[in-house]
Each structure stands twice: as C-alpha cells, then as structure tokens.
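So the chains spell out like this:
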Amino acid sequence: MSSSNSQYSFFETVGYYFDKAAHYTPFDAGILEQIKACNHVLRMRFPVRVGPNMDQIEVIEAYRVQHSQHKTPCKGGIRYSEDVNQDEVMALASLMTYKCAIVNVPFGGGKGGIKVNPKKFTELELERITRRYTAELVKKNFIGPGIDVPAPDYGSGEREMGWIADTYMAMNAGDVNGLGCVTGKPVSQGGVRGRKEATGLGVFYGIRELCTNEKTMKKLGLTTGIEGKTVVVQGLGNVGFHSAKFFRQGGAKVIAIAEYEGAIMNPNGLNETEVFNHRKATGSILNFPGATNLTNSSDALTLECDILVPAALENVIHDGNASDIKAKIIAEAANGPITVEADKILNKKHIVVVPDIFLNAGGVTVSYFEWLKNLSHVRYGRMEKRFTENTNSQLVSQIEELTGKHMEPVTKDHLSKGADEVDLIYSGLEETMISALHDILHVMEEHPDIEDMRTAAFVLAIKKVGMSYRELGIFP
Ligand code: GLU
C-alpha cells in the first residue's frame, strides 16, 4: 500500500532510511537483510459479539508483527485505528527494533494493530475485542513476558493494557511473572508511576539536551537553552499533551496546538491542560479564550516557530507542505510523521529533524522499567528510600552543627529526600535520553558526511542490532 503523497509505503520508508545508513556500518549484505526483515507477521480475523443485545457479529481484522528477535522479548504497542494495515504494523514494528537499540533497551521490535475505530464501540465491546485479541495471541504463543510484550499506542491506553494483563494471566494461571506480559498498565495492576507521561517527557528531555548544544543552536541561529523557545504541537493525545506540558513547564512557549477539527494560536503561550479541558467541555479545540482559530488544522504545521512537534500520526509532513515549514527544529514525537520526499526537502532547508527512533523512545524506555518492576516484584525505591532519608538527615544535621547555621526547612527537606518510584523513573529516563542523543551526535562527528540526525540514528541502531546478532553467534 502506498501512503498518501509518497511513492513509498510506510514500511518502504523505513527501509529507505535503513539503506541510506547501512553503508556506514561494517556488515555485509546478508546480515543487513536479516536486520531489515520482519521475522514474524501474524494476521488474524476473529468474530466478536456487538450491539445492544450482543446479537450481531463483527469480524475484526488485527495484526501482531515481531520484527526482530535479536533480543527477546519483542516489544511494542498496539494501535487501535481504522487505518491499521499490515504494511503500517510492519513499519512500526521495525521502528521499535531501532528505537530499542538506540536507547539500550534489550528488546526486539514488535507492534500490534486492531483495525477498529474505538469511538464506534462501547467500552464493553472494546473489552471483548481486546480480550479476544489477547486470546488469539496466547493461542499462537505471540505474547508473554519472555516472548512479546505489548504496550499502548495510538487509540489504546491503560484500560486496554489492564484487560490484556488480566486475560493473559487467566490463561496462564500460576505464571509468577505474568504481569510482565504487557506494559503501560494502571499502577494498581502492576504499572509503574511515570509511564503515562514517559513519551512526552522523553521528547522534552531529548530536545532540551539538543538545545544545550552550542554548535547546533548557532547553525540554526538560536540561543542555547529551552527557555523562551516557541513550540507548535500537532495532536493533543497522550504524547502531544505531555510534550506540551513539559515544554511549558521547562520555560518554552507553546504558541499553537492542532487537532483534527482545527488549530488554535496564541503568541503569548497556551496552557495545554486548559486547552484539553476546553476541548472536553465544548467538543472542539476551537474558540479557546484568548486564542486565534485556524480552521485548517494543517496550517499550524507551517507557522513560524523554533520547534515543531508532530505528535499524532504518520505522513503529516509531505512534499505538499514541507517547503512551507518555517520551524528550525522538528521534534518527531509521533512515529513516521515525515515522508521520504519531505525529509529530503527539510534536509535541504537545513531544518534539524530529531528522528522518532530516538525522540519518542521514552515510552518504551519506561515500559522497560515497568517490565523490570514486574519481574522483580518490588516497587522502585521501596528498599532504599528510608535508608537514604535517614542518612541524608544525619548529614544535614552534622553540617548545621559544624557550621552553626540553620538551613531553610524546604532546603532541608530537599537534601534529605529519598527517591520515590517516580523520581527514579524520571531519572532513568533523563539519563537514557541524554546519553542516546550524545551517541547519535558522536556518530555525526565520526562521519562528517552524514548531515541529518535520522541517518546517524539509523547507523547507531543498525550497528547495535548487528553486533547482538554476532554476540548470539548467529553470524560470524
Ligand atoms: N507505542 C509506543 C511506541 O511506539 C510504546 C511502546 C512500548 O512501550 O512498548 O514507542
């Protein structure tokens, strides 16, 4: 299937970027072909009873793709959307492989898709669809804490992950690690604090770190630091909402937010939570107090700004609008928001595109932390929080005694605090995103002819995946 405005399908797009990067890696054609290929594709059709009396049958089309088992389990979300198709799920699964490699998350890539519009079904119907989908995965041995671990994606969230965990555990009674069969679960069902906002927070950490890079900022004619930067966010779903929130809290100004029905703009900055509540109350993002309406949603993409954050679906930036983009940095919070044709135009314009396989990896990074929590059966911070607090308070008292000065109670609390689960998750995520960015920049220093971050990120990913095949002894 060819994606709109592009001669490449989504899976071909990923392959195009892969090929562009491959010759910077030391592997021969056979290894590269294995890294690029999707190992397992499961396509299913199953019947679900729907309707007010549950007397109608709806046949659901769904997929699970395992792109790579160079590390196991496979990992990746499940998309609920009417546009789901095999090519898209294969593309998204392969992006997961590269994403995990870049942030050193020891998983292979996977992805699922259920071809439904969740808004057209009741909660009970969605529960039935999700449970049946899970049962199909169990039957085919396509799910399990050591096999393949789904997570939320576009159109799914904590609620669906809770149903998946419950169904899996009912069918695998006695599996002590059963909760690790899926991530993004509610905290009350084995989830981890910080998972919901993880992708958006990762986007923020990645861009904030890039903005400390003097060389890049100078080339773009920008000052260093996130403070005062203007940001446009396309999509106010989980990823867009949290990206906007962390950018605003970090001192940037979110000057426009776009959704299906249109976009709103305010040069003084928008508060994403107020916008979200307004949309919930009125059914539309438009007519937000103090903001100007843009009735054509895609007009937001071509606004003058420092950072453009596409945070919804693929192919929103294409050859029809790429040359009108005025942003200096494009932060790919969504998977595949730029077509190959648009990518070429943006590179020519020297716009810095921060690629999805790095920038939106915060979600899977925290999923990894959740999976570790499930396997270790203990909440992060439980063992050391009090110990740290006691040691730190003694240290603070000693300093006060030796200096004869008293600290402000807030400073004292701050210095004495032991880490909670969410503190450790944020810290692990921050470290991961910062290190990964520097690894990508390092590849660009090693290969001065690589001009774009996407190619550098693919080089890094291919090298890591190829090396693990070697470590496994699969290739010499
Ligand atoms: N669906 C998310 C992604 O595309 C998260 C995947 C996960 O946590 O496994 O990265």
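Residues numbered from 1 in each chain as written. Predicted model: local features only at pLDDT ≥ 70, side-chain atom pairs only at ≥ 80, totals over all residues. Heavy atoms only, no water.

## Overview of the overall build of the protein chain
So, step 1. For the protein chain, the helix and strand inventory stands at 16 helices and 12 strands.
So, step 2. Since a compact globule built from 476 residues should have a radius of gyration of about 23 Å, the 23 Å found for the protein chain is in line with a globular shape.
So, step 3. The C-alpha extent of the protein chain, read off along each of the three principal axes, is 75 × 60 × 55 Å.
So, step 4. Expressed as a percentage of the 476 residues in the protein chain, the buried residues total 56%.
So, step 5. Taking all contacts inside the protein chain whose residues are at least 6 apart in sequence as the whole, residues at least 24 apart take part in 67%. (Helix = DSSP H or I, 4+ residues; strand = E, 2+ residues; numbered from the N terminus. Rg over C-alpha atoms; globule rule 2.2 N^0.38 Å. Buried < 20%, exposed > 50% of the residue type's maximum accessible area, 1.4 Å probe, protein only. Contact = heavy atoms within 4.5 Å.)

## Things to note about unusual backbone geometry
So, step 1. Cis geometry marks the peptide bond from threonine 72 to proline 73, where omega comes out at 5 degrees.
So, step 2. Along the chain, proline 73 turns up in the loop between β2 (56-66) and β3 (74-80).
So, step 3. Even without being glycine, asparagine 315 reaches a positive phi, approximately 65 degrees.
So, step 4. Tracing the sequence through the fold places asparagine 315 in the loop between β10 (307-310) and β11 (329-331).
So, step 5. Classification of asparagine 315 by relative accessible area gives buried; the value is 12%.
So, step 6. Phi at histidine 350 takes a positive value of approximately 60 degrees, unusual for a residue other than glycine.

## What about the environment of aspartate 420?
So, step 1. Of note, aspartate 420 is situated in the loop between α14 (409-416) and α15 (421-446).
So, step 2. Spatially, the C-alpha atom of aspartate 420 lies 5.4 Å from that of glycine 381, the residues being 39 residues apart in sequence.
So, step 3. Residues within four places of aspartate 420 in sequence aside, it is in contact with Tyr380 and Lys385.

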